[in-house]
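Descriptive structure summary
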Amino acid sequence: MEVKTSLLDNMIGVGDMVLLEPLSEDSFLENLRNRFDHNEIYTYIGSVVISMNPYRSLPIYTPDKVEEYRNRNFYELSPHIYALADEAYRSLRDQDKDQCILITGESGAGKTEASKLVMSYVAAVCGKGQEVNKVKEQLLQSNPVLEAFGNAKTVRNDNSSRFGKYMDIEFDFKGDPLGGVISNYLLEKSRVVKQPRGERNFHVFYQLLSGASDDTLKKLKLNRDLSKYNYLSLDSAAVNGLDDAANFRTVRNAMQIVGFMEDEVQSVLELVAAVLKLGNIEFKPESRCNGTDESRIKDKNDLKEMCELLGIEQSVLERAFSYRTVEAKLEKVSTTLNVAQAYYARDALAKNLYSRLFSWLVTRINESIKAQTKSRHKVMGVLDIYGFEIFEDNSFEQFIINYCNEKLQQIFIELTLREEQEEYVREGIEWTNIEYFNNAIICDLIENHQNGILAMLDEECLRPGTVTDETFLDKLNTICAEHQHFESRLSKNSKFLTDHSLPHNCFRIQHYAGKVLYRVEGFVDKNNDLLYRDLSQAMYKATHSLIKQLFPEGNPGKVNLKRPPTAGFQFKASVGTLMRNLQTKNPNYIRCIKPNDKKASHIFTESLVRHQARYLGLMENVRVRRAGYAFRQAYEPCLERYKMLCKRTWPHWRGPAREGVEVLMADLQVPADEFSYGRSKIFIRNPRTLFFLEERRRQCLQDLATLIQKIYRGWKCRSQFLLLKKSQIVVAAWYRRYAQQKKYQKIKSATTVVQSYTRGWQARKLLRELKYQKRCEEAVTTIAAFWHGTQARRELRRLKEEARRKHAVAVIWAYWQGLKVRREYRKFFRANAGKKIYEFTIQRIMQKYFLGLKSTMPSMSPIEKNWPARPYIFLDGVHTALRRIFHLWRCKKYRSQFTEEKKAVYEEKLEASEIFKDKKALYPSSVSQPFKGDYLEISKNPKYQKLNSAVDEKVLLADVVNKINRANGKGTARIFLLTKKSFVLADQKTGQVKASVPLPDLTSVSVSTQSDGFFALRLKEGSASAIKGDFLLSSEHLIEIITKIHRIGATAADREQLNIDISDEFLVQFKQDKVCVKFIEGAPKNGNSVSCKRKNNRLLEVSVPTSP
Ligand SMILES: Nc1ncnc2c1ncn2[C@@H]1O[C@H](COP(=O)(O)OP(=O)(O)O)[C@@H](O)[C@H]1O
Ligand SMILES: [Mg+2]
């Protein structure tokens, strides 16, 4: 739901002071009061937000409010700090402009609260996500930590910031926060040791003592009782509405979120405790014999505990509180401290310790919250610096704080008043200058390099000789006496000589926000900010790592004799940097006003507000705004934005932009005094006019949207219609085509039917005619045929008769001729014909016989028995003769292919066949075995070399035979050699000759008829060889051996033919005895082997298995 409020709706008074009528200081204040009374604490002066401190919580910071102000125009809703924050955030995100938010106002006017509101608004509207939320949370939680250590209750403000803070929040291009950087400015450290009446020390001391657990306090050696600590003023220890104990927990929690380690938190608390202990160290005077006063520590207990906390040797610190060493060049001089000096040293140490701890905290927070990415980012700076302060007793701190506020006022004047007026001049707008107070002169009084108050203070501090606050005041009195804004009783200017409100030890400055009286006491010391080197060295010696880190100058290795820059100098430099930084950014102002001095709600002290409004220059601000123009914009974007409001500029304006804007304004009838044309910009005087233009634009945009909608809808309907129409034509065309096709096909088939009927009828008619014609033709033909037939048959009969007669004539003539020839040739015919026919027949038969024989010739094998059958008996003799001749011829052919060796083999085979064929059963198996002769390869085998050399003849046969033992019939293997002249038996293993028998001594050989290999070699009786008797041997090659022996006998001329005796019983001569060898057929019980047994003296029985 859109919230329908506007700046002008339900307005209490006026929301923007620019609209105030009549404009006077009274009406201005009245407007503020009116609004304040109605809880409207925010009021605009153009884009500046005035914020009144309500001193109570108002329900205007809810999440709903955030949503309400989100992405809305600045002037659209009633004034709110969120509108300013939203404007700044959006122009940062959308226009890529770095922003700064400058919050000014007196102490207690609500600056810190305002800065927190801005940050929380930005956090609420920017991007979301785990990482982004963490960054946001850390940025927001840095506040409670810094407030605990840097804020304190003052008379003006229960939570007054005692340091200046500037925080840069960094965003990425999407507007998501990336991180931040905090700068701190000059902590009011004097508060650590002394607080004005009605004020408190920094919150953290009270928070620690009331919020920490007993255990923690014990560890820190602290006591919960506030009254035990000298540094804590008692009269205002409890503050209304401030729960220190709860805040302590908040701070601990915030420290954890920001990323402090547990031991870091512990170290920080230890330092805080050490400061409290330090305050309790007291000194007493002790007179020395040389007359000087020396200080002594009264009660060393606190010193001891503090040293234990920080890990410092007690004696070192004790000495540092009693002596001061001054180093000059190479000399070191030690002087004793009196009681006052000892107190001074103690307080200086406490202040330094605390302020350094605070700076360390800022650095540590920055480490946690700094942006992680190095990418370019946009920056929103939020400045919450201590406000202008006027106390009863103002010292160096107030001087510095007020100087800073002067500078901020300066920048405000620069940017809003002067810059604005200068722009009018630049743009050539008619302009009557508005007078305003420029505080540059006051800034100069303070910061001028040569005779500014700060420069003189520095000069005084660095000057040799005795320097006191009084000498400093004297110097001021001489140098600044003439300055309009400087007042002093002792100045040459006699004007103040009688002014009793101005004490002698003070000077007064007329600040832009009022006159402030400064007491010079302490200026020199505070500017010097001196900490005795003995103390810083003592701190550096501590074992506590944080405290060591805080006092780096105490490192004896790095003694620096140069003076450190003064506090005033440092502050001036950092304020200068800050101002330069702010000037690069787009400023957004929040001016905070305090309605009363009582921190009370609902009270509006007019004089107080009037004073603030005056020194803040708010009236001038309004006047400049009113005399000037509320709004300005370059011509091009202006024309672009509003061109739809005029027919002539919409949709395009061709001429220069300025003319376009002029036409536009004329057309809209905007009153001429409501705007002015600058050189490059149009200036609109009143926000009203701008709202008017915006409103018209909004309406016009609605109208335009309606128009666009209308045209679009029309176009859509029309194109829909055209499409339908087009489609309808297509459909109709297709349908017509289809209908016509159908109709045509119907007509076509009807025509065909009619046509076929007609054609049929015509055809039948024709057919009838043709048939009739044909029948007529057939009748004619038949008649003609019958007629021709009759004619032909008559002719045929005549021709037949004629032919019969001719044939009869020829036959008769032939018979007659034959008879004549036969009678003539009878005498030649019978004498030769029979013989000739016979010879011819015989010749033919012989020819056929030989040709037939050629084709039925048998094969060329000599053992072929076949011969074709004889065809005629009379060819019997020829046929048998031809068979014989053919057989002889083919045997000759067969023989002629043999070599000599083969012939010899075959001759041997032939001889074997002559000897054994059909006589011995062993023979058939030997036919297929070739006769190898030398089975032992006697001449080649080296084993038989000796044996070979023993026989001088050529070896015809060499084989292993079994020599049958005469005694038992068992066989012994012997080598059997056969030469042409003898046979030799030799030992098989050794090759030793056992017997050598010349062949002539061999008379006969006996073998059996069976398939065994036994043979007996019978020797001639009485010969030398026969002494031992005949040989009975057995061999596988029996047939070959006997054949070879027989052949040698046949060829030898000197011997009778060898007898070969084949029978199954023969006698063998063994020495003197004759033994009968008998062969029987045995059952094959010993397998197929032949067995030989000696039966008795006369009988040797050989059993031969029956051959299968
Ligand atoms: N917008 C506000 N709503 C409610 N209370 C406020 C608001 N602004 C300020 N206050 C009150 O005024 C007190 C002082 O404000 P603070 O911002 O600390 O002042 P400054 O920083 O200007 O010294 C706050 O503690 C708070 O109680
Ligand atoms: Mg503050």
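This text follows the structure it describes.
Okay, so let's go over this structure. Quick caveat, the model's predicted, so the values are computed rather than measured. (Residues numbered from 1 in each chain as written. Chains lettered and ligands numbered in written order. Predicted model: local features only at pLDDT ≥ 70, side-chain atom pairs only at ≥ 80, totals over all residues. Heavy atoms only, no water.)

Below, the discussion takes up the side chain of S488. As for its position among the elements, S488 is in strand β13 (residues 486–488). Overall, S488 belongs to the buried group, its relative accessible area being 1%. At 2.5 Å, the side chain of S488 and the side chain of N477 are in polar contact. Residue contacts for S488: discarding those within four places in its chain leaves N477, F496, L502, C506 and F507. (Helix = DSSP H or I, 4+ residues; strand = E, 2+ residues; numbered from the N terminus. Buried < 20%, exposed > 50% of the residue type's maximum accessible area, 1.4 Å probe, protein only. Polar contact = N/O pair within 3.5 Å; in protein donor to acceptor, adjacent residues only side chain to side chain. Contact = heavy atoms within 4.5 Å.)

Attention shifts here to the packing of helix α5 (residues 130–150) against helix α6 (residues 203–211). Where α5 contacts α6, the two axes come as close as 5 Å, and the packing angle between them is 100°. Between α5 and α6, the angle falls in the class roughly perpendicular. Where α5 abuts α6, its residues E147, A148 and F149 lie against H203, V204 and Q207. For the contact of α5 with α6, the class distribution of residues is 3 nonpolar, 2 polar and 1 charged. (Axes fitted to C-alpha atoms, helices over the stretch in contact; angles between N-to-C directions. Parallel < 35°, antiparallel > 145°, perpendicular 65-115°, else oblique. Nonpolar A, V, L, I, M, F, W, Y, C, P; charged D, E, K, R; others polar.)

Moving on: the site of ligand 1. Around ligand 1, the structure places 15 residues, and the nearest of them are N53, G108, K111, T112 and N157. At a separation of 3.3 Å, an oxygen atom of ligand 1 approaches a polar backbone atom of A109. One of the side-chain nitrogen or oxygen atoms of T112 is found 2.6 Å away from an oxygen atom of ligand 1. Contact with the protein chains covers 84% of the free accessible surface of ligand 1, which is 550 Å². For the shell around ligand 1, the residue count by class is 4 nonpolar, 7 polar and 4 charged. (Near = heavy atom within 4 Å. Areas by Shrake-Rupley, 256 points an atom, 1.4 Å probe, with all protein chains shown as cover.)

Across a sheet, paired strands are connected by hydrogen bonds in the backbone, their directions being either parallel or antiparallel. Here 4 strands make up an open sheet; going across it, the order is β28-β29-β31-β30 and the pairing mixed. Each of the sheet's edge strands pairs with one partner strand only, and the pair in question is β28 (1065–1070) and β30 (1091–1096). Averaged over all adjacent pairs, the angle separating strand axes in this sheet is 30°, with direction ignored. The pairing of strand β29 (residues 1073–1082) with strand β31 (residues 1099–1105) spans 7 bridges and is parallel. When the sheet's bridge partners are listed, F1079 is paired in β31 with V1102. (Pairing = 2+ DSSP bridges.)

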